[in-house]
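Chain by chain, the residues run as shown.
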Amino acid sequence: MSGRTGRIVTGAEISDSSSVEADFVVVGSGAGGSTAAAVLSAAGARVVVVEEGGHYTRRDFNMQESWAYPALYQEHGNRATDDLSILILQGRSVGGGTTVNWTSSFRTPERTLALWAARHGVRDLDAATLAPHFAEVERRLDVGAGDPNDVNNNNRKLHDGAAKLGWQPELIHRSVKGCARLGYCGMGCPLDAKRTARTTFLADAIADGADLYTDCRAKLVETDRGRARAVVAEVLDRATDRPRARLVFYARRGVVLAGGAINTPALLLRSKAGTDSGQVGVRTFLHPTVPIVAFYDQPIEAFYGPPQSVSVHHFADRGDRVGYFFETPPVHPMLAALAFPGFGDTHRKVMERLAYAQATIALLIDGHHDDDGGTIDVNGEGRIKIRYPLHASLREAAVAAITDMARLQLAAGAREVMTLHETPLLIRGESDLAGIAEAPFGPNRHTMFSAHQMGGAAMGEDPARSVVDSRGRHHQLENLWIADGSIFPTGLGVNPQISVYAHAHLFATELARRG
Ligand SMILES: Cc1cc2nc3c(=O)[nH]c(=O)nc-3n(C[C@H](O)[C@H](O)[C@H](O)COP(=O)(O)OP(=O)(O)OC[C@H]3O[C@@H](n4cnc5c(N)ncnc54)[C@H](O)[C@@H]3O)c2cc1C
Ligand code: SF4
């Protein structure tokens, strides 16, 4: 603790190019960056956090999709893979993804930790090592036991269908306190009932002296003889998102990168820093997500209530085939309009039934089999390119998952299920299910999205196969750490926020102990 309270400096307050010095420069204020900043500040280090997004609070969160996507999401909510086949929802404001996430809270599955140890050279990172860090994160985020009163109609149908088929639905633990069940988590919680990085670890870091610079995009990491010396940032004009000044953050002790999967590898690639192994940007995982929509005779109103309160992990382990799990998304008009097929009158007719629509999603657990995920590249102007070839084993899983979700919703009593193929299939009974396997499935032939970005700067002990060690320290740059979702060697198999917070907590605790 430094004895001083830190400051929040917004881009609008920075008029000239200048420089700042600190012990640690943390890039990104999401789950990983805020946690690292809190732990390092509590240990007495002078910390600055550099965040490219704006600083918004509950007074700004107006429950409007048209405001929220441009203000709170990467690329105004339009980030996508290079071929436009997978829409990538990723946060971009103070608090990062946690400002807009749906509060579901899971620890990293032991099966996934065991896979990393066995196949990816990760060492000394088991459930027992992580347990105190999970416990501290869950305490700070008020993660509580699953609450049956959180279950809205959308989640009720997932629960009931799964229970009928013996697929063991579970109530989701959520990171909330005093949730009024409004259902607008994805647009920023207007009550601060959602525990986010901004309202917890970042607030702690600032109370312990950390300074937060918003609207500052880290452009380059400057290195010198195997050390990271500074982070060069562009100060962005909030209205136009264009750079209007330059700020250099000098790091006396170290740099912690926490811009999230995709942006952290991109920053290293843009900087040409610590990329010799060829591992930066490869093995990027998305939990590629396929939705279906089921129509009921009674209103579902899936736009109200906590977006996610039930999950089904019955198909997470399919042996030598790619596994998947089921959850629900919120069904607000803009997101639904993007996901629903058709144009003009056809599209309007589907949208007219929005209040009666139930949506289920299957998240494919990528990276556990023979699929290698995607790659991140930056072009000459520093723009990010995301490629994600859809491996045959993921296609098989997607088709199986769509069939299982349709079966589940029929069991729950849906009048009809609509797939989101380019030409949607309407499923009214068991006999229609076979059609799913015959429908063309592939990039841009079916709606797919991702709210879980992982990998691209994997941890492991072999410098030829990983970017950082099992405590987040870069193999080539001795004072550079990575503490965000990019360190995961595979998709997790559960929603990632708690894993990101807990790994960052572990890494920063050990870094602070080094003195
Ligand atoms: C709509 C949505 C719903 C989700 N729901 C859930 C859920 O219910 N449960 C769950 O577990 N997970 C959920 N997630 C995912 C979860 O929020 C993320 O996995 C988590 O926030 C990732 O943490 P991170 O630290 O890796 O990155 P982030 O939290 O994304 O933080 C990275 C931050 O770095 C900033 N940044 C990036 N590049 C730069 C740069 N060059 N310079 C300066 N700043 C930079 C970004 O603006 C961002 O604020 C959801 C995500 C979304 C988008
Ligand atoms: S559902 Fe709860 S946590 Fe989500 S926005 Fe509403 S009040 Fe906030």
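The structure this text deals with has already been given above.
This structure is a prediction, so every number in the text was calculated from the model and none was measured.

Quick notes on the rules
Throughout, a residue's number is its position along its own chain's written sequence, starting from 1. Each chain takes a letter, starting from A, and each ligand takes a number, starting from 1, following the order in which they are written. Residues qualify for local features only when their pLDDT is at least 70, as the model is predicted, and side-chain atom pairs are given and counted only at 80 or more; totals for whole chains, interfaces and linings, by contrast, use all residues. Each side-chain value is derived from all of the structure's non-hydrogen atoms; neither hydrogens nor water enter the calculation. Only DSSP runs of H or I covering at least 4 residues are called helices, and only runs of E covering at least 2 are called strands; the numbering of each starts at the N terminus. Only the C-alpha atoms count toward the radius of gyration. The rule for a globule is 2.2 Å times the residue count to the power 0.38. Any pair of residues with heavy atoms lying within 4.5 Å of one another is described as a contacting pair. The Shrake-Rupley method, run with a 1.4 Å probe, gives the accessible areas here. Residue values count only the displayed protein chains as cover. In summary, the charge assignment counts Lys and Arg as positive and Asp and Glu as negative, without counting His or the chain termini. We put the charge of a Lys on NZ, of an Arg on CZ, of an Asp on CG and of a Glu on CD. Note on terminology: near, applied to a residue and a molecule or strand, indicates that one of the residue's heavy atoms is within 4 Å of it. Throughout this entry, Asp, Glu, Lys and Arg are counted as charged residues, while Ala, Val, Leu, Ile, Met, Phe, Trp, Tyr, Cys and Pro are counted as nonpolar. The remaining residues, Gly among them, count as polar. Stacked, edge-to-face and tilted labels apply to pairs of Phe, Tyr and Trp rings (six-membered ring for Trp) whose centres lie within 6.5 Å, assigned for plane angles under 30 degrees, over 60, and everything in between, in that order. Burial status follows relative accessibility: with a 1.4 Å probe on protein chains alone, a residue under 20% of its type maximum counts as buried, one over 50% as exposed, and anything between as partly exposed. Note on geometry: a ring has a charge over it if NZ (lysine) or CZ (arginine) is within 6 Å of the ring centre and within 35 degrees of the ring normal. Axis definition: a line fitted to C-alpha atoms, limited for helices to the stretch in contact. Angles are taken between N-to-C directions and run from 0 to 180 degrees. In this scheme, roughly parallel covers angles under 35 degrees and roughly antiparallel covers those over 145, while 65 to 115 is roughly perpendicular and the rest are oblique. Pairing of N or O atoms within 3.5 Å defines a polar contact, subject to two protein rules: one partner must be a possible hydrogen donor and the other a possible acceptor, and residues neighboring in sequence count only if both atoms are side-chain atoms. Throughout this description, the term salt bridge denotes a Lys or Arg side-chain nitrogen within 4 Å of a carboxyl oxygen of Asp or Glu. Think of it this way: DSSP has to see at least two bridges between two strands before they count as a pair. The handedness rule is simple: strands pointing away from the viewer, and a clockwise path from the first strand over the helix to the second, make the crossover right-handed.

**Some points on the overall build of the chain**
Alright, step 1. Secondary structure summary: the chain contains 13 helices and 23 strands in total.
Alright, step 2. Computed over C-alpha atoms, the radius of gyration of the chain comes to 22 Å, within 12% of the 24 Å expected from 2.2 N^0.38 for 515 residues, which places it in the range of a compact globule.
Alright, step 3. Along the first, second and third principal axes, the C-alpha set of the chain runs to 65 × 45 × 45 Å.
Alright, step 4. Sequence separation of at least 24 residues holds for 75% of the intrachain contacts in the chain that already meet a minimum separation of 6.
Alright, step 5. When the accessible area of the chain is evaluated, it comes to approximately 19200 Å², of which 49% is carbon and sulfur surface.
Alright, step 6. Of the charged side chains in the chain, 54 are positive and 58 negative; the average position of the first set lies 3 Å away from that of the second.

**A look at the site of ligand 2**
Alright, step 1. As a structural note, the neighbourhood of ligand 2 is formed by Val176, Cys179, Ala180, Arg181, Leu182, Gly183, Tyr184, Cys185, Cys189, Leu191 and Lys194.
Alright, step 2. Of the residues belonging to the shell around ligand 2, the class tally is 8 nonpolar, 1 polar and 2 charged.

**As for the packing of aromatic side chains**
Alright, step 1. Here the structure, examined in full by the defined rule, presents 11 aromatic pairs.
Alright, step 2. Here tryptophan 116 and phenylalanine 488 contribute two aromatic rings whose centre-to-centre distance is 5.6 Å and whose plane-to-plane angle is 20°, an arrangement assigned as stacked. Of the two residues, tryptophan 116 sits in helix α4 (residues 110–119) while phenylalanine 488 sits in the loop between β23 (480–482) and α13 (497–513), which places them 372 residues apart along the sequence. In this pair, the class of tryptophan 116 matches that of phenylalanine 488, namely buried.
Alright, step 3. For the pair tyrosine 213 and phenylalanine 249, a centre-to-centre distance of 5.1 Å together with 75° between the ring planes defines the contact as edge-to-face. Taken together, the residues span a long stretch of sequence, with tyrosine 213 in strand β8 (residues 211–213) and phenylalanine 249 in strand β11 (residues 243–257) at a distance of 36 residues. Grouping residues by exposure puts tyrosine 213 and phenylalanine 249 together as buried.
Alright, step 4. Just above the ring of phenylalanine 295 sits the side chain of arginine 353; from NZ or CZ to the centre is 4.0 Å.

**A look at the packing of helix α6 (residues 153–165) against helix α11 (residues 392–411)**
Alright, step 1. Two elements in contact, α6 and α11, have axes separated by 8 Å at closest approach and are oriented at 95°. It follows that α6 is roughly perpendicular to α11 by the angle criterion. Contacts between α6 and α11 involve Lys157, Leu158, Gly161, Ala162, Lys164 and Leu165 from the former and Arg407, Leu408, Gln409 and Ala411 from the latter.
Alright, step 2. For the contact of α6 with α11, the class distribution of residues is 5 nonpolar, 2 polar and 3 charged.

**Looking at the site of ligand 1**
Alright, step 1. By nearness alone, 40 residues border ligand 1, and Gly32, Glu51, Ser104, Ala218 and Gln497 come closest of all.
Alright, step 2. One nitrogen or oxygen atom from the side chain of asparagine 101 is found 3.2 Å from an oxygen atom belonging to ligand 1.
Alright, step 3. A distance of 3.2 Å separates an oxygen atom of ligand 1 from a polar atom in the backbone of threonine 103.
Alright, step 4. When residues of the shell around ligand 1 are traced back to their parent elements, those giving at least two are α1 (31–42), α3 (97–100), β9 (216–224) and α13.
Alright, step 5. For the shell around ligand 1, the per-class residue count stands at 13 nonpolar, 22 polar and 5 charged.

**A look at the pattern of salt bridges**
Where charged atoms from two side chains of opposite charge come close, those side chains can pair.
Alright, step 1. Per the counting criterion, the structure on display carries 40 salt bridges.
Alright, step 2. As a salt-bridge pair, glutamate 396 and arginine 318 come within 3.0 Å of each other at their nearest N and O atoms. With glutamate 396 in helix α11 and arginine 318 in the loop between β14 (310–312) and β15 (324–327), the pair connects residues that are 78 residues apart, well separated along the chain.
Alright, step 3. The exposure class of glutamate 396 is partly exposed, given its relative accessible area of 32%.

**Looking at unusual backbone geometry**
Alright, step 1. Positive phi is not limited to glycine here, since histidine 76 has a value of about 60°.
Alright, step 2. With respect to the helices and strands, histidine 76 occurs in the loop between α2 (65–72) and β4 (87–88).
Alright, step 3. One non-glycine residue, glutamine 168, lies in the positive phi region at around 45°.

**Points about the pairing of strand β2 (residues 18–27)**
Alright, step 1. Counting buried residues in β2 gives 7 out of 10 residues, a clear majority hidden from the surface.
Alright, step 2. The sheet contact formed by β2 and β11 spans 9 bridges and is parallel. Note on β11: the bridge partner recorded for valine 20 is phenylalanine 249.
Alright, step 3. The pairing of β2 with strand β3 (residues 47–50) spans 4 bridges and is parallel. Paired with phenylalanine 24 across the strands is valine 47, a residue of β3.
Alright, step 4. Read as a crossover between parallel neighbours, the route from β2 over α1 to β3 is right-handed.

Read these as geometric descriptors, not functional statements.
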